[in-house]
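Chains, contacts and geometry: an overview
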Amino acid sequence: MSTLLPHEDFIFDYTISKENTDTTTLFSFENPFDFFRHDVIENPYIVKTQHKLRKAFSEGLLGIEHYLMAATSLRPLIDEAQDLDEITRLFSQQKLAMRPNPHSVKILRNMIKDPNPEIALYAAEGLNTIENAFLTKIEKVKKKLEKATTNIFIYHYLLGCLYTQFASLLESQRLIQKFYITQAIENLTKAHTLKPKSKRIKIALAESYLLNENFEYALSLYAYCYSIRYKPVYCLLKMTQCHYNLKNYDRIKTIASIIAQYDVSDIEYAEVLIYQWIL
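Residues numbered from 1 in each chain as written. Predicted model: local features only at pLDDT ≥ 70, side-chain atom pairs only at ≥ 80, totals over all residues. Heavy atoms only, no water.

Below, the discussion takes up the overall build of the protein chain. For the protein chain, the count of helices and strands is 14 helices and 0 strands. Sequence-ordered secondary structure for the protein chain, helices as α and strands as β, is α-α-α-α-α-α-α-α-α-α-α-α-α-α. Residues classed as buried in the protein chain amount to 34% of the 279 residues present. (Helix = DSSP H or I, 4+ residues; strand = E, 2+ residues; numbered from the N terminus. Buried < 20%, exposed > 50% of the residue type's maximum accessible area, 1.4 Å probe, protein only.)

As structure tokens, then:
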């Protein structure tokens, strides 16, 4: 004896109970083939589960064509209502916002232009989350700086790093970016004055000057840190970036040959840069 599937069982019962009625009322159109001929019309009642589809059909909201199309699709009606694309977008937005970098922020800014309002909203929420996170951290450090009586240079250093990181995410907003870069340089300069021998502060200050396109001053700081063997490979790579912007291409080749003597397997794009300039 054959076993009816759930949707077959429902259609069978419904048909028996309606055998003496006009079957044309089962369809959305007078001619059932019009279901395939007409363009899909936006329907606020989107059915995704078996229960909801039965309810919509029994109450005359949808014709039997909708039921049959869904029942014979590759995706079972018994599945829970899930939009995997929406879920993926939601989690992607959260990941982009949790660990922001210039590339992820650029993705979110492009998503804002999406014609789908939900995608644009996700992107806007992501950008808002990133901005609020930085501003909250900056305010906390500012309050600690106001109360600090010792190690003041640490708070200026932290503020400078936060301003630099935030400014690096604002490539498409040059005026706002300039403001935060200025704040970064001011705080890092104060920290450097209070602790002139700190290598970390020198590197952070170099980063802010590089972002401000003051390539010569950034270069001098990176060169000094390299001369005292502080993060040599990192400093060399940053020096190549400065020389590239200054159009000192011959010096890039020289520095690339020096970098080739180090193990750069754990540094992204370092090997590509070396091969490009010395081969």
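Charged atoms that come close allow side chains of opposite charge to pair. Under the criterion given, the structure shown has 3 salt bridges. For Lys142, the salt bridge identified is with Glu139, shortest N-O distance 4.0 Å. Of this pair, Lys142 and Glu139 both sit in helix α7 (residues 117-147), 3 residues apart, which is roughly one turn of the helix. Judged by relative accessible area, Lys142 falls into the partly exposed class, the value being 32%. (Salt bridge = Lys/Arg side-chain N within 4 Å of Asp/Glu carboxyl O.)

Taken as a whole, this structure holds 6 aromatic pairs when the rule is applied. Both rings, one in Phe179 and one in Tyr180, keep their centres 5.2 Å apart while their planes meet at 75°; by these two values the pair is edge-to-face. Since its relative accessible area comes to 46%, Phe179 is described here as partly exposed. Connected via pairs of aromatic rings, a cluster forms that spans Phe134, Tyr163, Phe166, Phe179 and Tyr180. The ring of Phe134 carries the charged tip of Lys137 above its face, separated from the ring centre by 5.9 Å. Its guanidinium or amino end placed over the ring of Tyr226, Arg229 lies 4.9 Å from that ring's centre, counting from NZ or CZ. (Phe/Tyr/Trp six-rings, centres within 6.5 Å; stacked < 30°, edge-to-face > 60°. Lys NZ or Arg CZ within 6 Å of the ring centre and 35° of its normal.)

We now examine the packing of helix α8 (residues 152-168) against helix α9 (residues 174-194). The interhelical angle for the contact between α8 and α9, taken along N-to-C directions, is 155°, at an axis separation of 7 Å. Comparing the axis directions of α8 and α9 gives the class roughly antiparallel. Classified by chirality, the crossing of α9 by α8 is left-handed. Contact with α8, carried on its side by Ile152, Phe153, His156, Tyr157, Leu159, Gly160, Cys161, Tyr163, Thr164, Phe166, Ala167 and Ser168, involves Gln177, Tyr180, Ile181, Gln183, Ala184, Asn187, Leu188, Lys190, Ala191 and Leu194 of α9 and no other residues of that element. Taken together, the residues of the contact of α8 with α9 break down into 14 nonpolar, 7 polar and 1 charged. (Axes fitted to C-alpha atoms, helices over the stretch in contact; angles between N-to-C directions. Parallel < 35°, antiparallel > 145°, perpendicular 65-115°, else oblique. Left-handed = near helix turned anticlockwise from the far one by under 90°. Contact = heavy atoms within 4.5 Å. Nonpolar A, V, L, I, M, F, W, Y, C, P; charged D, E, K, R; others polar.)

What follows covers the packing of helix α10 (residues 199-211) against helix α11 (residues 215-227). The N-to-C vectors of α10 and α11 enclose an angle of 155°; their axes lie 8 Å apart at closest approach. Between α10 and α11, the crossing angle belongs to the class labelled roughly antiparallel. In this structure, α10 meets α11 at a crossing whose hand is left-handed. Where α10 approaches α11, its residues Lys199, Lys202, Ile203, Leu205, Ala206, Glu207, Tyr209 and Leu210 are matched on the opposing element by Phe215, Tyr217, Ala218, Leu221, Tyr222, Tyr224 and Cys225. Considering only residue class, the contact of α10 with α11 consists of 12 nonpolar, no polar and 3 charged.

Right, let's talk about unusual backbone geometry for a bit. With a phi close to 45°, Lys231 is a non-glycine residue in the positive phi region. Note that Lys231 resides in the loop between α11 and α12 (232-245). Lys231 sits in the partly exposed class, given a relative accessible area of 44%. For Lys247, which is not glycine, the phi torsion reads 65° and is therefore positive. Within the secondary structure, Lys247 sits in the loop between α12 and α13 (249-259). Of the residues examined, Lys247 reaches a relative accessible area of 62% and is grouped as exposed.

What follows covers the nonpolar core. Tyr222, Met239 and Ile259 are the most contacted members of the largest nonpolar core, which has 49 residues in total. Per-element accounting of this core gives the leading share, 8 residues, to α7. The contacts of Met239, once residues within four sequence positions are left out, are Leu219, Tyr222, Ala223, Tyr226 and Ile255. (Core = buried A, V, L, I, M, F, W, Y, C linked by side-chain atoms within 4.5 Å.)

With respect to the element layout, Leu158 can be found in helix α8. The exposure class of Leu158 is partly exposed, given its relative accessible area of 35%. Separated by 20 residues in sequence, Leu158 and Ile138 place their C-alpha atoms 8.5 Å apart.

Further remarks concern the state of the cysteines. Under the defined criterion, the tally for this structure stands at 0 disulfides. Note on Cys225: no disulfide assigned, nearest cysteine sulfur contributed by Cys235 at a separation of 4.9 Å. Taking relative accessible area as the criterion, Cys225 reaches 0% and is therefore assigned buried. (Disulfide = S-S within 2.5 Å.)

Attention shifts here to the side chain of Thr164. In this structure, Thr164 sits in helix α8. Within the structure, the side chain of Thr164 is placed 2.8 Å from the backbone oxygen of Gly160, a separation counted as a polar contact. Once residues within four sequence positions are removed from consideration, Thr164 is found in contact with Ala184, Leu188, Glu207, Ser208 and Leu211. (Polar contact = N/O pair within 3.5 Å; in protein donor to acceptor, adjacent residues only side chain to side chain.)

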